[in-house]
Amino acid sequence: MAETKSKKGKGGNTAAMVSEMVRPITDELGLILWDVVFEKEGAYWYLRVFIDRDDDMPSMDDCENVTRPLSKLLDEKDPIEQSYILEVGSPGIGRELKKEEHFLRYLECPVRVRFIRENEKGEKEIIAALKEYNKDTITVMADGEESVIKLADTAFVKLADDEDLFDEDNGEEE
């Protein structure tokens, strides 16, 4: 069964529209609107709003403080034609960097870059320090060597802040 295009929009258009609706809420609460994603998983549509904080990870209270007014606003304006499940949460550790502000916020931080195809060194994935962002490329430093990577050649670029989570010796003393 083919899906018909709605006047109200789907996917990216819906996400952009909801971003405009939720941004005043996150701004008022001193939170960062990280991303909005509207996607279908199985039989259900999910409207996922990712929020962040400058000082720490968002709390459950932060998520609730965004969910309540956003849910009310969505009910009033009814901008999404199909049924969906609203989720408000943190982008978490290992968050994907998608937008200019994401890359600029994490300059000098370690990132995990997964390539669509192996790079010229035969690597499918690297972890490197993010040095520079341009619209179509990033510059990273790994093993003392700087590389310019076309974003079009990447499957994703994520913050590599979860490296020590799975180490057997995570710095705790016995």
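Residues numbered from 1 in each chain as written. Predicted model: local features only at pLDDT ≥ 70, side-chain atom pairs only at ≥ 80, totals over all residues. Heavy atoms only, no water.

Caption draft 1: Quick peek at the overall build of the protein chain. For the protein chain, the helix and strand inventory stands at three helices and eight strands. A buried classification covers 37% of the 174 residues belonging to the protein chain. Relative to all contacts within the protein chain whose residues are 6 or more apart in sequence, the contacts with residues 24 or more apart total 53%. Looking at the protein chain as shown, the accessible area adds up to about 11300 Å², and 46% of this sits on carbon and sulfur atoms. (Helix = DSSP H or I, 4+ residues; strand = E, 2+ residues; numbered from the N terminus. Buried < 20%, exposed > 50% of the residue type's maximum accessible area, 1.4 Å probe, protein only. Contact = heavy atoms within 4.5 Å. Areas by Shrake-Rupley, 256 points an atom, 1.4 Å probe, with all protein chains shown as cover.)

Caption draft 2: Looking closely at the side chain of threonine 26. Within the secondary structure, threonine 26 sits in helix α1 (residues 11–28). In this structure the side chain of threonine 26 is engaged in a polar contact, spanning 3.0 Å, whose partner is the backbone oxygen of arginine 23. Beyond its immediate stretch of four places on either side in the chain, threonine 26 contacts Leu31, Leu33, Ile51 and Val66. (Polar contact = N/O pair within 3.5 Å; in protein donor to acceptor, adjacent residues only side chain to side chain.)

Caption draft 3: Broad picture of the sheet that holds strand β3 (residues 85–89). If you walk across this open sheet you meet the three strands as β1-β2-β3, and the pairing is mixed. Looking at which strands have only one partner, the edges of the open sheet turn out to be β1 (32–41) and β3. For this sheet the average axis-to-axis angle between neighbouring strands, irrespective of direction, equals 15°. In the sheet, β1 pairs with strand β2 (residues 44–52) via nine bridges, with the strands oriented antiparallel. Paired with leucine 33 across the strands is isoleucine 51, a residue of β2. Packed on one face of the sheet, helix α2 (residues 60–77) meets β2 and β3 and runs near 150° to β3. (Pairing = 2+ DSSP bridges. Axes fitted to C-alpha atoms, helices over the stretch in contact; angles between N-to-C directions.)

Caption draft 4: Local environment of unusual backbone geometry. Backbone geometry at aspartate 78 places phi at a positive 45°, although glycine is not the residue there. Take aspartate 78: it is sitting in the loop between α2 and β3. On the basis of relative accessible area, aspartate 78 is assigned to the partly exposed category, the value being 43%. Although it is not a glycine, glutamate 108 adopts a positive phi angle of roughly 75°.

Caption draft 5: Broad picture of the packing of aromatic side chains. With the rule as written, the count across this model stands at four aromatic pairs. Both rings, one in phenylalanine 38 and one in tyrosine 84, keep their centres 6.3 Å apart while their planes meet at 80°; by these two values the pair is edge-to-face. Taken as a pair, phenylalanine 38 in strand β1 and tyrosine 84 in the loop between α2 and β3 lie far apart in primary sequence, 46 residues in all. A residue is classified by how much of its surface remains accessible, and phenylalanine 38, at 6% relative accessible area, is buried. Grouping aromatic residues by their ring pairs yields a cluster made of Phe38, Trp45 and Tyr84. Geometry around tyrosine 46 places arginine 48 over its ring, the cationic atom sitting 4.3 Å from the centre. (Phe/Tyr/Trp six-rings, centres within 6.5 Å; stacked < 30°, edge-to-face > 60°. Lys NZ or Arg CZ within 6 Å of the ring centre and 35° of its normal.)

Caption draft 6: Layout of the layout of surface pockets. Volume-wise, the largest pocket comes out at about 330 Å³. Lining the largest pocket are 18 residues, and of these Phe115, Asn119, Glu120, Glu123 and Ile149 lie nearest its centre. Secondary structure elements with two or more residues in the lining of the largest pocket: β5 (125–133) and β7 (145–150). By residue class, the composition of the lining of the largest pocket is seven nonpolar, two polar and nine charged. (1 Å grid on protein atoms, 1.4 Å probe; cavity = no way out; pocket = protein on both sides within 12 Å on 5 of 7 lines; lining within 4 Å. Points joined across faces, edges and corners; volume = space filled by probe spheres on them. Nonpolar A, V, L, I, M, F, W, Y, C, P; charged D, E, K, R; others polar.)

Caption draft 7: Layout of the sheet that holds β5. With respect to topology, five strands assemble into an open sheet ordered β7-β6-β5-β4-β8, the strand pairing being antiparallel. Edge positions in the open sheet fall to β7 and β8 (154–159), since each of these has one partner strand only. Neighbour-to-neighbour, the strand axes of this sheet turn through a mean angle of 40°, independent of strand direction. As paired elements, strand β4 (residues 110–115) and β5 share five bridges and run antiparallel to each other. Looking at β5, one finds that arginine 114 is bridged to glutamate 125.

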